[in-house]
Amino acid sequence: MTYCIGINVRDGLIMMSDTRTNAGIDNISSYRKMHLLADGPDRLIMCLSAGNLSMTQHVLGQLAEGLEAKEPDARRRIIADQPSMFRVTQLVGEAVMKADAEIGAGLRAADISGGVSLLVGGRIGGGPIRLFLVYSAGNFIECLPESPFLQIGERKYGKPILDRTMNYDTELEEAVKVGLLSFDSTIRSNLSVGLPIDVLVIPANAARPVIRRRIEVDDPYFQNLSVRWSMMLNEARATIPDPPFMRVG
């Protein structure tokens, strides 16, 4: 199982992914789910993946080589040539549809789920930072200020804290903290999601540096965050009055 989140607030974009993959309880390993699609003077574009690993690799391979040109004698279509994040996401969706046409039927015939979902985020030139969720059918939606985060994979355990605390005006540092708390909740409730966690932060202010970090199992900040969050939840629970309907006599 996988858990990935993308958070797009006023101050910038945060993308986080775990690195655990499994094909049964006796076949668990690590696999990077944060993939660089383009890194150049005018663009930085990342992709987070969840779902069938072979399908994901097929999609990424197509994007790396480029999709076939639509006009005779034209060059293959690659991420680095796309003029906007919307066009980038269209190309990713097309690669997903093509991968399904080429290997999806074989997977389904073997009773193997070939589903894949992708978070595509980044910035091109002086344009705004944008974040999209691409579904298995190749269609996609954009992350909007009204709900400034998207999730793929094992979503349910980490979603409540995002729903309660995240909004478009949340400061970037606070949003990173909430994202890590979302991961902590997911890891505690689902053993198929686990550390390390890959983190990418792209500030809206292009003068600020991009942050790339891997949160390892022994990371002192994450350990402290997890312990303190559990402690504070218990303290908060203890201050809430007991339900009046439980009073006897």
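Note: the structure precedes this text.
Residues numbered from 1 in each chain as written. Predicted model: local features only at pLDDT ≥ 70, side-chain atom pairs only at ≥ 80, totals over all residues. Heavy atoms only, no water.

Overview of the overall build of the protein
- Looking only at helices and strands, the protein has five helices and twelve strands in total.
- Rg of the C-alpha trace for the protein: 20 Å, near the compact-globule value of 18 Å for 249 residues, within the 12% margin.
- Principal-axis analysis of the C-alpha atoms gives the protein an extent of 85 × 50 × 35 Å.
- Put simply, 61% of the contacts in the protein that link residues at least 6 apart link residues at least 24 apart. (Helix = DSSP H or I, 4+ residues; strand = E, 2+ residues; numbered from the N terminus. Rg over C-alpha atoms; globule rule 2.2 N^0.38 Å. Contact = heavy atoms within 4.5 Å.)

A short note on the packing of aromatic side chains
- Tallied over the entire structure, the rule returns three aromatic pairs.
- Aromatic side chains Tyr-3 and Phe-183 sit 4.7 Å apart centroid to centroid with 50° between the ring planes, which places their arrangement in the tilted category. Of this pair, Tyr-3 sits in strand β1 (residues 3-9) while Phe-183 sits in helix α4 (residues 172-189), and the two are 180 residues apart along the sequence. Take Tyr-3 and Phe-183: they sit in the same class, and that class is buried.
- Ring geometry for Phe-132 versus Phe-140: centroids 5.7 Å apart, planes at 85°, classification edge-to-face.
- Exposure remark for Phe-140: the relative accessible area of 24% places this residue in the partly exposed category.
- Feature note: the residues Phe-86, Phe-132 and Phe-140 constitute an aromatic cluster, connected by ring pairs. (Phe/Tyr/Trp six-rings, centres within 6.5 Å; stacked < 30°, edge-to-face > 60°. Buried < 20%, exposed > 50% of the residue type's maximum accessible area, 1.4 Å probe, protein only.)

Points about the pairing of strand β5 (residues 34-40)
- Direction of pairing for β5 relative to strand β6 (residues 43-51): antiparallel, over a ladder of six bridges. Paired with Leu-36 across the two strands is Met-46, which belongs to β6.
- In textbook terms, the turn of a hairpin is the stretch between consecutive antiparallel strands, and for β5 and β6 this stretch comprises two residues. (Pairing = 2+ DSSP bridges.)

Overview of the side chain of Thr-19
- On the secondary structure map, Thr-19 appears in the loop between β2 (12-18) and β3 (20-22).
- In this structure Thr-19 comes out as buried when scored by relative accessible area, which is 1%.
- A polar atom in the side chain of Thr-19 sits 2.9 Å from the backbone oxygen of Pro-196. (Polar contact = N/O pair within 3.5 Å; in protein donor to acceptor, adjacent residues only side chain to side chain.)

A word on the pairing of strand β11 (residues 197-203)
- Most of β11 is tucked away, with seven of its seven residues classed as buried.
- Of the two faces of β11, both are covered, the one formed by Ile-197, Val-199, Val-201 and Pro-203 as well as the one formed by Asp-198, Leu-200 and Ile-202.
- In the sheet, β2 pairs with β11 via seven bridges, with the strands oriented antiparallel. The residue bridging Ile-14 from the neighbouring strand is Val-201, located in β11.

Here we look at the sheet that holds strand β7 (residues 116-124)
- Read from one edge to the other, the open sheet built from five strands follows the order β5-β6-β7-β8-β9, with strand pairing classed as antiparallel. Every interior strand has two partners, whereas the edge strands, β5 and β9 (140-142), have only one. Strand after strand, the sheet turns through a mean of 15° between neighbouring axes, direction not considered.
- Judged from the five bridges that link them, β7 and strand β8 (residues 130-134) form a sheet pairing that is antiparallel. (Axes fitted to C-alpha atoms, helices over the stretch in contact; angles between N-to-C directions.)

Re the packing of α4 against helix α5 (residues 220-239)
- At a minimum axis distance of 10 Å, the contact between α4 and α5 shows a crossing angle of 75°. Considering their axes alone, α4 and α5 lie roughly perpendicular with respect to each other. Where α4 abuts α5, its residues Lys-177, Leu-180, Leu-181, Asp-184, Ser-185, Ile-187 and Arg-188 lie against Tyr-221, Phe-222, Leu-225, Ser-226, Trp-229 and Ser-230.
- Here the residues of the contact of α4 with α5 are counted per class, giving seven nonpolar, three polar and three charged. (Parallel < 35°, antiparallel > 145°, perpendicular 65-115°, else oblique. Nonpolar A, V, L, I, M, F, W, Y, C, P; charged D, E, K, R; others polar.)

What about the sheet that holds β1?
- Strand order in the open sheet formed by five strands is β10-β1-β2-β11-β12, with antiparallel pairing between adjacent strands. Only two strands of the sheet have a single neighbouring strand rather than two, namely β10 (149-153) and β12 (211-215). Strand-to-strand twist across the sheet, computed as the mean angle between neighbouring axes with direction ignored, equals 10°.

Some details on helix α1 (residues 53-65)
- An ideal rise of 1.5 Å per residue puts 18 Å on 13 residues; α1 measures up with 18 Å between its terminal C-alpha atoms.
- For α1, the complete set of buried residues consists of Met-55, Thr-56, Val-59, Leu-60, Gln-62 and Leu-63. Along the axis of α1, the buried positions cluster into a sector of 155°, meaning they face one direction only. Opposite the buried face of α1, by more than 90 degrees, sit the exposed residues Ala-64 and Glu-65.
- For α1, the elements touching its buried residues are β5, β6, α2 (85-109) and β7.
- Directly after α1, the chain includes Gly-66, whose backbone phi takes a positive value near 100°. (Expected span 1.5 Å × (residues − 1). Arc of directions from axis to C-beta.)

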